[in-house]
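Summary of the model geometry
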Amino acid sequence: MNYCDKINYNIYTAEKAAFGDMVDKLLAQLPQNELILRLAFFGTPSDNEQYVSRRIVLREKIRKYYGNCEPVVSYVSQPPLNAGLVLEAHTYTPDEGDHITYKHIGAFPYVVLENGCGRFLFAGGFHGDVINFGIEQQSKEVIHLVSDLMRREGFPINSIIRQWNYIEQITKFDGEDQHYQIFNNARSEYYSKATWDNGYPAATGIGANLGAF
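Residues numbered from 1 in each chain as written. Predicted model: local features only at pLDDT ≥ 70, side-chain atom pairs only at ≥ 80, totals over all residues. Heavy atoms only, no water.

Let's shift gears to the sheet that holds strand β3 (residues 72–77). Overall, mixed pairing links the four strands, which are arranged β1-β4-β2-β3 in an open sheet. Each having just a single partner strand, β1 (7–14) and β3 make up the two edges of the open sheet. When strand polarity is set aside, the average angle formed by the axes of neighbouring strands in this sheet is 15°. Bridge count between β1 and strand β4 (residues 85–92): eight bridges; the pairing is antiparallel. What sits directly across from Tyr 9, in β4, is His 90. Packing against the sheet, helix α2 (residues 48–66) makes contact with β2 (35–43) and β3, and its axis sits at approximately 150° to β3. (Pairing = 2+ DSSP bridges. Helix = DSSP H or I, 4+ residues; strand = E, 2+ residues; numbered from the N terminus. Axes fitted to C-alpha atoms, helices over the stretch in contact; angles between N-to-C directions. Contact = heavy atoms within 4.5 Å.)

What follows is the structure, given as structure tokens:
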């Protein structure tokens, strides 16, 4: 079976309540018989200070739930529809040919999947100093972190196949460039270090109201 057929995508919602209570409710809904690869939470912090504090709450609770099997985690500042907090979960149903390893680079968890189809890296939720850094510095710091991770795990740059990039106030200008253009400049500089016979990987720029890059 192709490994993609064993990845499951589900959406969970929690009614408005205290942030920690909403997180607990969402985590309690996750399946117990599947491995968790990635969790993406969508909520509405009031400012970047609250965004950072809520990321800390998420990290602490997820580590308590999953211990050494901590999945990739993102917290996206976007207003959920008819909910206080929304969770998108990517889970995996392994078989005897799958080998899954949970690791960290700095404070950021990532997952490596190896099977007969190949070797695959699931990573994300990267960010720099949300409070003090602008989009340009954040973009460069995140790209540097991605570069370090790829090098550590032995993946060439041109093995990237998909990116989701959540960018604070994506159409806002800093000087002459929009935030999305600033990010694209940093990404293009990184990508220029490799040869892309089939073109750049698919990438989506998505606006967020807070959370920097």
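On to the pairing of strand β6 (residues 108–115), then. Most of β6 is tucked away: seven of the eight residues are buried. Pairing of strand β5 (residues 99–105) with β6 involves seven bridges; the strand directions are antiparallel. When the bridges of β6 are listed, Thr 101 appears paired with Val 112. Following β5, the chain reverses through two residues before pairing antiparallel with β6; Gly 106 in that reversal takes a positive phi of roughly 60°. (Buried < 20%, exposed > 50% of the residue type's maximum accessible area, 1.4 Å probe, protein only.)

The subject of this paragraph is α2. Along its 19 residues, α2 runs 27 Å from first to last C-alpha, staying within 8% of the 27 Å computed at 1.5 Å per residue. Those residues of α2 lying buried are Asn 48, Tyr 51, Arg 54, Arg 55, Leu 58 and Ile 62. Each buried residue of α2 sits inside an arc of 110° when the element is viewed along its axis, so together they form one side. Away from the buried face of α2 by more than 90 degrees, exposed residues Glu 60 and Lys 64 are located. Elements in contact with the buried residues of α2: α1 (19–28), β2, β3, β6 and β8 (162–168). Sitting at the head of α2, Asp 47 places a side-chain oxygen 3.2 Å from the backbone nitrogen of Glu 49. Where α2 terminates, the next one or two residues include Gly 67, which has phi positive at roughly 55°. (Expected span 1.5 Å × (residues − 1). Arc of directions from axis to C-beta. Polar contact = N/O pair within 3.5 Å; in protein donor to acceptor, adjacent residues only side chain to side chain.)

This paragraph deals with the pairing of strand β7 (residues 118–122). By the bridge criterion, five bridges tie β6 to β7 in an arrangement that is antiparallel. Bridge pairing in β7 places Asn 115 opposite Gly 118.

All right, on to the packing of helix α3 (residues 135–153) against helix α4 (residues 179–191) then. Packed helices, taken two at a time, are described by the angle their axes make and the gap between the axes. Following both chains from N to C, one finds α3 and α4 inclined at 30°, their axes separated by 9 Å at the closest point. Compared by their axis directions, α3 and α4 come out roughly parallel. For the pair α3 and α4, the crossing hand works out as right-handed. Two secondary-structure elements touch here, α3 through Ile 135, Glu 136, Ser 139, Lys 140, Ile 143, Val 146, Ser 147 and Met 150 and α4 through His 179, Ile 182, Phe 183, Ala 186, Arg 187 and Tyr 190. For the contact of α3 with α4, a count of residues per class yields eight nonpolar, three polar and three charged. (Parallel < 35°, antiparallel > 145°, perpendicular 65-115°, else oblique. Left-handed = near helix turned anticlockwise from the far one by under 90°. Nonpolar A, V, L, I, M, F, W, Y, C, P; charged D, E, K, R; others polar.)

Among all positions of α1, only Phe 19, Gly 20, Met 22, Val 23, Leu 26 and Leu 27 are buried. An end-on view of α1 places all buried positions within 160° of arc, on one side of the element.

With that out of the way, let us pick up the sheet that holds β6. Adjacent strands of a sheet form backbone hydrogen bonds with each other and so pair up, either parallel or antiparallel. Ordered in space as β5-β6-β7, the three strands form an open sheet in which the pairing is antiparallel. Two strands lie at the open edges of the sheet, namely β5 and β7, each paired on one side alone. When the angles between neighbouring strand axes are averaged without regard to direction, this sheet yields 20°. Each of β5, β6 and β7 touches α3; the most contacted strand, β5, lies at about 135° to it.

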